[in-house]
Amino acid sequence: RKPFDIECGFTTATGRALRVRLMGRPEGLSGPVARLVGTLQDITQQWEAEERLRLAIRTAGLATWTWDLEKGEILWDDGMYALHGLKRDGPMTPQKFGAAIRPRDYRRFSSMAMRNFQGQNELQFDYEIWGTPEIRYCEGRVLVQRAPDGRARRDREGARRLGGFGAAFPGH
């Protein structure tokens, strides 16, 4: 009798296809579930916008990442691992990222990141990846959306996260 929060496809009586979010909980004093109490939200427009964004990211050859500032977790999409010539072997860390790029670039990135976290809202940096058969030149960007208190704004799950992307570009 656990609460649920799921997204799924739904077809209306008129045949219209929707994407919906179902949130609620089963109820019943004992024995089988007597009823479900919750909400059904039409998220079709949001879902379609996210699909278009995923298509644009793939088409542009970008790779994306998210950093949960409170948990310290860095989540890379498959494109980030491929771009950096790394395999998924446990959680991504700043140290693993630093080991894959030129040391001076990592020092510069770390310095820029600290300034960014202390008030600037955007960070753009170029760096070289060394963990691949050929040296790759990349660009990374971070955009910090700030709350009124100046800290990174919380997302819809309540976490303070940064997001960004990386892309390879031809050598100098």
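Below is a short write-up of the structure. (Residues numbered from 1 in each chain as written. Predicted model: local features only at pLDDT ≥ 70, side-chain atom pairs only at ≥ 80, totals over all residues. Heavy atoms only, no water.)

## Thoughts on helix H1 (residues 44-60)
Along its 17 residues, H1 runs 24 Å from first to last C-alpha, staying within 8% of the 24 Å computed at 1.5 Å per residue. One or two positions beyond H1, positive phi appears at glycine 61, with a value near 75°. (Helix = DSSP H or I, 4+ residues; strand = E, 2+ residues; numbered from the N terminus. Expected span 1.5 Å × (residues − 1).)

## Considering the sheet that holds strand E3 (residues 35-42)
In space, the three strands of this open sheet follow the order E1-E2-E3, with antiparallel pairing throughout. Among the strands making up the open sheet, the edge pair consists of strand E1 (4-11) and E3. Mean inter-strand twist for the sheet, computed between neighbouring axes without regard to direction, equals 30°. With eight bridges connecting them, strand E2 (residues 17-27) and E3 associate as antiparallel partners. The residue of E3 that forms the bridge with valine 20 is aspartate 42. (Pairing = 2+ DSSP bridges. Axes fitted to C-alpha atoms, helices over the stretch in contact; angles between N-to-C directions.)

## Let's talk about the side chain of threonine 44
Assignment of secondary structure puts threonine 44 in helix H1. Judged by its relative accessible area of 9%, threonine 44 is buried. At a separation of 2.6 Å, a polar atom in the side chain of threonine 44 contacts the side chain of aspartate 42. If we ignore the near neighbours within four places in the chain, the residues touching threonine 44 are Leu18 and Arg19. (Buried < 20%, exposed > 50% of the residue type's maximum accessible area, 1.4 Å probe, protein only. Polar contact = N/O pair within 3.5 Å; in protein donor to acceptor, adjacent residues only side chain to side chain. Contact = heavy atoms within 4.5 Å.)

That is the geometry; function is a separate question.
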